[in-house]
Each structure stands twice: as structure tokens, then as C-alpha cells.
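# Working through the structure, step by step
Next come the chains, spelled out residue by residue.
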Amino acid sequence: SLSERLGSIFERLRGRGALEEKDVAEALREVRVALLEADVALPVAKDFIARVKERAIGQEVLRSVAPGQQVVKIVHDALVETLGGAGQDAALDLAMAPPAPILMVGLQGSGKTTTTAKLALRLEKREKKRVLMASLDVRRPAAQEQLRILGEQAGVKTLPVVAGQTPLDIARRALEAARLSGFDVVLLDTAGRLSIDEQLMAEVADIHALARPIETLLVVDALTGQDAVNTAEKFKARLPVTGVILTRMDGDARGGAALSMRAVTGAPVKFVGVGEKLDALDAFDAKRMAGRILGMGDIVSLVEKAAEDLDLEKARRQAKKLAKGAFDLDDLAEQFRQMRKMGGMGAILGLMPGMGKMKKMVDAAGGFDDREIKRQEAIISSMTKAERRKPAILNARRKIRIAKGSGTSVQEVNKLLKAHRQMADMMKKMGKGGMKGLAGQMMG
Ligand code: GDP
Ligand code: MG
């Protein structure tokens, strides 16, 4: 597996300080192979790797995991992001006056009709919607009958079949029937083709124009790999696809199609089909899919744990220093790093009651603005070790050097030093008076 391959490459890197460019590059070559093996389209894989590389270089090496595993974790997180984060995207948008039309499109055999019934069942059961399904497939003789039978199995209503109607007639009739009978959702299942052709596209575009669906869901067979990507590209060019459903993920499709889909259509994957039965439809889970693409079992949780341990260890070390009344610029830099990591909620804030005063100080030091924090970090990293430990030695000449080195000004250096002094002061009080004393200080 990918994790094993990376493991051996990185064994020798244990104990180093930060991930270096050539280490990262080596690991990413393996990741790239894994992505391609998982059916990710080449340009998508390339683009993705470039972004991960930028992010990985310079990251601190965690002691208790191999650096290769750490890179895998970085890759995993980037994958989750690219695939659509925590999955709020997966929900269907039904915010309109009912009935909400949902249009199902895709090639023949991709699983549209089955997925229509699965989705209807899910909406009825989980979201308590009243759903009407209609098959607009007048090409295959048995298509409308297929949906009717599935509807019976699922206990979902289907539009009665009327011989001789065009897809547009049926769509019109379905919308009208749904309106009259108070349905919440109308699922329109369309006819596919074996491959994309202009006639199919024109037909689907006409149906779209008539039904004005709130969701246009593209159903693609994950097993078809690169073909699925090409199909998606072509549908996207003609229709405002709002979501993708990947079917046959119960087979040995490795999930790379999910990544490509997102990149090619810009639309989120909303569901995955995982079998022929009507309940075999899962909400798309970016984390699970990322794990599947990388085939890496529990590396992610391992690395998450290691990162937590690292932070804990640092926090413990800092607490010790604080208790002794020492809080140097390295500690401040660490606080900045934590702030950035937590998206503005500094660890230090979390530790303390009475946020108000603290917030003022943080603002004085540049606030929570990410770029501003990076400037502050740049100032600190332009200092020598000795200067960071003992800021008192910073004279005018040194400050000029630091300002130059960090691309800032002496005023900014002074501002940072002032903020640091205030914090150090407060830390000292905390050390003496304990939390009670500090709370009094800050509330007062
Ligand atoms: P359509 O031509 O796009 O309407 O495709 P169908 O809905 O008729 O599906 C074609 C075949 O794929 C049927 O035999 C389905 O049972 C099967 N199928 C659909 N979705 C899945 C899935 O997620 N997993 C598996 N294993 N089979 C599926
Ligand atoms: Mg069908």
C-alpha cells in the first residue's frame, strides 16, 4: 500500500526537524502514483500534488510517526478539502415552494433509474418528504416499467405511464400532478445513451429548460474511471450540474473519480451508490473517500494523535516556563503559530478567563489577521536565538537589522516588543497569583 511504500522511504528521516523539499518531493511521487492508480485524472493529480507540496515543506516533523506518514496525513487533509470538506455540501437544496424538481442525468447504464428510486426512498424516509418519480425515458421500452416496479418496492409513488408521450410531455405532466397532489419533490429520471451525443444533450437541455430543476444530478459509474471524467465534462458544458452521484462504489473503484469530478464539474459529489439494493445509497463522506483513495487505513488518526501529543508537550513546557515567570519571544512565536493553526482562537485565550483584556493585547500585537500574524512571526524569526531568549539586549542597531530582515519597520519591531512585554507581565502575575489572581486582574 501507499503507506508501506512511504514508510520505508522515510524511515531514515526520523528525528529531523522539518520536512524538507526533497523528502516531500520523494513522498509525493509515491502519492502521485497512488492517485493515478485510484483513477484520478492526470491534470487533476498534478495540480493537487503541487498544492500539497507547497503546504508540506517546512512542516515540523512529528516525533512519534514516520515523516512519510506525516506527508500522507497532509495529503489526506488536502484531499478532504478538495473533495468538499466536512460534507455540508452533500445535502440537497430543496429550498423552494414545492414541488421541488430534481433532474437525474447521465449515460445509459450509469445507474440513473436505480439511483432515482434510492434517492426517493431516502427523501421519504429520512427527510419525510412526499416524493413523486417520473421516468422520461421513452426510448427503452421497459424503462418506465422499471421505475414503476422500483417505486413499488420502495413504496414511492410514480407517475402513471401514458403511451405515446414525449419526454417533455411527461415532465409537464409530472410537475402538474405533483403540484395538484401536494408532493414536495418530483424526481425526473431521463433517458441515457451509450455515449454522449448531440441529440441526447439537446433533449436533456430542453427538459432542463422546462422543468427548471433546483438540483441537476449527474449520475456516473465510478468504475468507468477516466471515461466518467470525460462524460462529466461534457454534461457540465451543457447543463448547470449541481451535484454528482457516483455509483458502483461497492465495486473495486478506488474513488479517484470523486476527486476528478469535483475538479472537472466544480459540483460536489453528493451521494455514492454502494450496491443494487434500494437502501444502498450513502451521503458522500469526504474523509472516507480520501481514505479510500490513499488506501491508508488508520494513518490519519495516528498522525492526528501525534500532532496532539506534540501540542500537549509544548503546552506543558510552556506552562512550566510561565510558572517560573519566564515568557520569551520563542513562546510568543509559538502562540502566534497556535493562533494561526486554530484560525484565530489562540491557545492562550483558551487557557484564560476574561478574554476582553487579552483580546486587546492581541490586537495591539497585530490582531488575529493571518497576514499580520505572519509578519509578527517574520519579525521574531529574524532575531537570533539570544535575542529571542532575552529581548532586553535589543538595541537600535539590532532592531534595524531585524526590521530589514523581516521586511518590516523598527516601529513594528517596537510594537511587537511592547506587546510581548505586556504579555510577559501578565504571565508573571499569573505565576504569582495563580488563576484566581489572574482572573481578578483581567476582569478588573
Ligand atoms: P440507467 O440506465 O442509468 O438508468 O441505469 P440503471 O439504474 O438501470 O442501472 C443499471 C444497472 O446498474 C442495474 O443493474 C443496477 O442495479 C446497477 N446499479 C446501479 N447503481 C449501482 C450501485 O451503486 N452498485 C451496483 N453494484 N450496481 C448498481
Ligand atoms: Mg434508466
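Calculation notes
Residues numbered from 1 in each chain as written. Chains lettered and ligands numbered in written order. Predicted model: local features only at pLDDT ≥ 70, side-chain atom pairs only at ≥ 80, totals over all residues. UniProt positions renumbered as here; feature names shortened; annotations may be inferred. Helix = DSSP H or I, 4+ residues; strand = E, 2+ residues; numbered from the N terminus. Buried ≥ 20, exposed ≤ 12 C-beta atoms within 10 Å, placed from the backbone. Contact = placed C-beta atoms within 7 Å. Core = buried A, V, L, I, M, F, W, Y, C linked by C-beta atoms within 7 Å. Domains from an automatic or database assignment. Expected span 1.5 Å × (residues − 1). Arc of directions from axis to C-beta. Pairing = 2+ DSSP bridges. Axes fitted to C-alpha atoms, helices over the stretch in contact; angles between N-to-C directions. Near = placed C-beta within 6 Å. Nonpolar A, V, L, I, M, F, W, Y, C, P; charged D, E, K, R; others polar. Right-handed = clockwise from strand over helix to strand, strands pointing away. Parallel < 35°, antiparallel > 145°, perpendicular 65-115°, else oblique. Left-handed = near helix turned anticlockwise from the far one by under 90°.

- An unreviewed UniProt entry lists the protein chain under the name Signal recognition particle protein, with Amphiplicatus metriothermophilus as the source organism.
- Annotation of the protein chain in UniProt includes, under Subunit (unreviewed entry), the sentence "Part of the signal recognition particle protein translocation system, which is composed of SRP and FtsY. SRP is a ribonucleoprotein composed of Ffh and a 4.5S RNA molecule."

### Points about the overall build of the protein chain
- Scanning the protein chain from N- to C-terminus turns up 19 helices and 8 strands.
- Relative to its 444 residues, the protein chain shows a buried fraction of 42%.
- At a minimum sequence separation of 6, the contacts of the protein chain that also span at least 24 residues come to 76%.

### A few points about the nonpolar core
- One finds Ala120, Ala174, Val186, Leu187, Leu188, Val244 and Leu246 to be the most contacted residues of the largest nonpolar core, which totals 88 residues.
- Broken down by element, this core gets its largest block of residues, 7 residues, from helix α4 (residues 67-83).
- Domain assignment of the residues forming this core places at least three in each of domain 1 (2-86 + 296-300) and domain 2 (88-284).
- Among all residues touching Ala174, those that are not within four sequence positions of it are Leu132, Ala134, Leu159, Val186 and Leu188.
- With 13 residues, the next largest nonpolar core counts Leu329, Ile380, Ile402 and Met426 among its residues.

### Points about helix α6 (residues 143-154)
- With 12 residues, α6 extends 17 Å from end C-alpha to end C-alpha; this agrees with the ideal 16 Å at 1.5 Å per step.
- Those residues of α6 that fall on the buried side of the exposure criterion are Ala143, Gln144, Leu147, Leu150, Gly151 and Ala154. The buried residues of α6 all sit within an arc of 125 degrees when viewed along its axis, so they share a single face. Set apart from the buried face of α6 by more than 90 degrees, the exposed residues are Glu152 and Gln153.
- Buried positions along α6 lie against α5 (112-126), β2 (131-135), β3 (157-158) and β4 (185-189).
- Where α6 ends, the next residue or the one after it, Gly155, has phi of about 70 degrees, a positive value.

### Observations regarding the sheet that holds strand β1 (residues 100-106)
- Strand order across the open sheet formed by 8 strands is β3-β2-β4-β1-β5-β6-β7-β8, with mixed pairing between neighbours. Single-partner strands in this sheet number two, and they are β3 and β8 (281-283).
- Sheet strands touched by α6: β2, β3 and β4. Its angle to β2, the strand with the most contacts, is close to 155 degrees.
- Its contacts with the sheet put helix α9 (residues 226-238) on β1, β5 (215-221) and β6 (243-247), and the angle it makes with β5 is roughly 160 degrees.

### Let's talk about the site of ligand 1
- Surrounding ligand 1, one finds 17 residues, the nearest of these being Gly111, Lys112, Thr113, Thr114 and Gly273.
- Tallied by class, the residues present in the shell around ligand 1 amount to 2 nonpolar, 11 polar and 4 charged.

### Description of unusual backbone geometry
- Between Pro98 and the following residue, Pro99, the backbone shows a cis peptide bond with an omega angle of 5 degrees.
- Residue placement: Pro99 occurs in the loop between α4 and β1.
- The backbone of Lys128 shows a phi angle near 55 degrees, a positive value even though the residue is not glycine.
- Turning to its location among the elements, Lys128 is positioned in the loop between α5 and β2.

### Notes on the pairing of β6
- Across the 5 residues of β6, 5 count as buried, placing the element largely inside the fold.
- The pairing of β5 with β6 spans 5 bridges and is parallel. When the sheet's bridge partners are listed, Leu217 is paired in β6 with Gly243.
- A crossover connection joins β5 to the parallel β6 through α9; in handedness this β-α-β unit is right-handed.
- Direction of pairing for β6 relative to strand β7 (residues 269-273): parallel, over a ladder of 3 bridges. What sits directly across from Val244, in β7, is Val269.

### Considerations on the environment of Asp206
- With respect to the element layout, Asp206 can be found in helix α8 (residues 198-211).
- As for Asp206 and Pro167, which are separated by 39 residues in sequence, their C-alpha atoms are 9.3 Å apart.

### What to know about helix α11 (residues 286-294)
- Every buried residue of α11 is accounted for by Ala286, Met289, Ala290, Ile293 and Leu294. On an axial view of α11, the arc spanned by its buried residues comes to 130 degrees, and they lie on one face.

### Comments concerning the packing of helix α7 (residues 167-181) against α8
- Packing of α7 against α8 leaves a shortest axis separation of 10 Å and a crossing angle of 25 degrees. As summarised for this structure, α7 and α8 are arranged roughly parallel, according to the angle between their axes. Once α7 is placed against α8, the crossing between them reads as right-handed. Contact with α7, carried on its side by Pro167, Leu168, Ala171, Arg172 and Leu175, involves Glu203, Asp206, Ile207, Leu210 and Ala211 of α8 and no other residues of that element.
- Looking at the contact of α7 with α8 residue by residue, the class counts come to 7 nonpolar, no polar and 3 charged.

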